[in-house]
Amino acid sequence: MPTVLSFPAQARAEELASSLEGCKVLEVSFANGPPMPAIKGGCFQFATVFKAFGGQWNHARKVHVFYDWSAVAASLEAALRRQVDGAEGSEQDKRWDQDSGLRVRAG
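These numbers come from a predicted model, not from an experiment. Per chain, residue numbering runs from 1 following the sequence as it is written. Reporting in this predicted model follows two pLDDT cut-offs: at least 70 for local features of residues, and 80 or more for side-chain atom pairs to be given and counted; totals over whole chains, interfaces and linings ignore these cut-offs and use all residues. As a rule here, side-chain values cover all heavy atoms of the structure and leave hydrogens and water aside.

Draft legend 1. Seen up close, the overall build of the protein. The helix and strand labels rest on DSSP assignments: H or I over at least four residues marks a helix, E over at least two residues marks a strand, and numbering proceeds from the N terminus. Scanning the protein from N- to C-terminus turns up three helices and four strands. Starting at the N terminus and ending at the C terminus, the protein contains elements arranged as α-β-β-α-β-β-α. In the protein, which comprises 107 residues, the proportion classed as buried is 33%. Throughout, a residue-residue contact means that at least one pair of heavy atoms, one from each residue, lies within 4.5 Å. Nonlocal contacts in the protein, meaning residues at least 24 apart in sequence, comprise 53% of its contacts between residues at least 6 apart. When the accessible surface of the protein is split by element, carbon and sulfur atoms take 57% of a total near 7200 Å². Three exposure classes are used, based on accessible area relative to the maximum for each residue type with a 1.4 Å probe and protein chains only: buried under 20%, partly exposed in between, and exposed over 50%. The accessible surface values rely on the Shrake-Rupley method and a 1.4 Å probe; as for residues, cover is taken only from the protein chains in view.

Draft legend 2. A look at the nonpolar core. In these notes, a set of buried Ala, Val, Leu, Ile, Met, Phe, Trp, Tyr and Cys residues joined through side-chain atoms within 4.5 Å is what counts as a nonpolar core. Core analysis: the biggest nonpolar cluster contains 21 residues, and Val 25, Ile 39, Phe 50, Val 72 and Leu 76 have the highest contact counts within it. For this core, the secondary-structure elements that each account for two or more residues are helix H1 (6-19), strand S1 (23-28), helix H2 (47-52) and helix H3 (69-106). Not counting chain neighbours up to four residues away, the residues in contact with Phe 50 comprise Ile 39, Cys 43, Gly 55, His 64, Phe 66, Ser 75, Leu 76 and Ala 79. Formed by five residues, the second largest nonpolar core is a distinct cluster that contains Met 36, Ala 38, Val 63 and Val 65.

Draft legend 3. The arrangement of the packing of aromatic side chains in detail. Stacked, tilted and edge-to-face are the three classes assigned to paired rings of Phe, Tyr and Trp, where Trp is represented by its six-membered ring and a pair needs centres within 6.5 Å; plane angles under 30 degrees give stacked, over 60 edge-to-face, the rest tilted. By the definition in use, this model includes three aromatic pairs. Where Phe 46 meets Phe 50, the ring centres are 6.4 Å apart and the plane angle is 55°; that geometry is what we call tilted. Residue Phe 50 is classed as buried on the basis of its relative accessible area of 0%. With 6.2 Å between their ring centres and 80° between their planes, Phe 50 and Phe 66 make a pair best called edge-to-face. On the criterion of sequence distance, the pair formed by Phe 50 in helix H2 and Phe 66 in the loop between strand S4 (63-65) and H3 is long-range, its members being 16 residues apart. The rings of Phe 46, Phe 50 and Phe 66 are connected pair by pair, giving a single aromatic cluster. Placement of a charge over a ring requires the Lys NZ or Arg CZ to be within 6 Å of the ring centre, with the centre-to-atom vector within 35 degrees of the ring normal. Geometry around Phe 30 places Arg 61 over its ring, the cationic atom sitting 4.8 Å from the centre.

Draft legend 4. Spatial organisation of the sheet that holds strand S2 (residues 36-41). Should DSSP find at least two bridges between two strands, the strands are taken to pair. Strand order in the open sheet formed by four strands is S1-S2-S4-S3, with antiparallel pairing between adjacent strands. Unpaired on one side and paired on the other, S1 and strand S3 (56-58) mark the two borders of the sheet. Strand-to-strand twist in this sheet, taken as the mean axis angle between neighbours without regard to direction, amounts to 35°. Note: S1 against S2, six bridges, orientation antiparallel. Counterpart to Lys 24 in the pairing with S2 is Lys 40. Axis lines are fitted to C-alpha atoms, over the contacting stretch for helices. Their N-to-C directions set the angle, which ranges from 0 to 180 degrees.

Draft legend 5. Geometry of the confidence of the model for the protein. Residue-level pLDDT values for the protein average 82, and 76% of them are 70 or greater. Summary of the metric used: pLDDT quantifies the predictor's per-residue confidence within the range 0 to 100. For the protein, H3 is the element with the lowest average pLDDT, namely 70, and S4 is the one with the highest, namely 97. Scored below 50 in pLDDT, residues 93-107 shows zero contacts in the model against residues more than four places distant or in partner chains.

Draft legend 6. Representation of the environment of Asp 68 within the structure. Tracing the sequence through the fold places Asp 68 in the loop between S4 and H3. Sequence separation of Asp 68 and Met 36 is 32 residues, and the distance between their C-alpha atoms is 7.0 Å. Side-chain atoms alone can form a polar contact between residues adjacent in sequence; in general such a contact is a pair of N or O atoms within 3.5 Å, and within protein one must be able to donate a hydrogen while the other accepts it. Among the polar contacts listed, one links the side chain of Asp 68 to the backbone nitrogen of Ser 70, at a separation of 3.3 Å. Of note is the side chain of Asp 68, whose polar atom sits 2.8 Å from the backbone nitrogen of Ala 71.

As structure tokens, this is what we get:
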């Protein structure tokens, strides 16, 4: 049974998941165990991030399973940072390519 303390982390995880395209959070139940938080959807490119935060891939259910909502929220925050850093990096690469192209044409 979830504690009152887990609800803010769950709400935060749901909010973060909605920021990643095709990603959602849910609880999955396994035999003889309590429901566990999980991440499902089109965010497989962050599998290594999820694993670093304790997420385990469940092939049968196609979800990354975690032991608590705090770990889910932390892993999603890291995934969003990685996505933003990647987008900024590609923009910097484009600017650098444009600058170097101008230098080549000018020379």
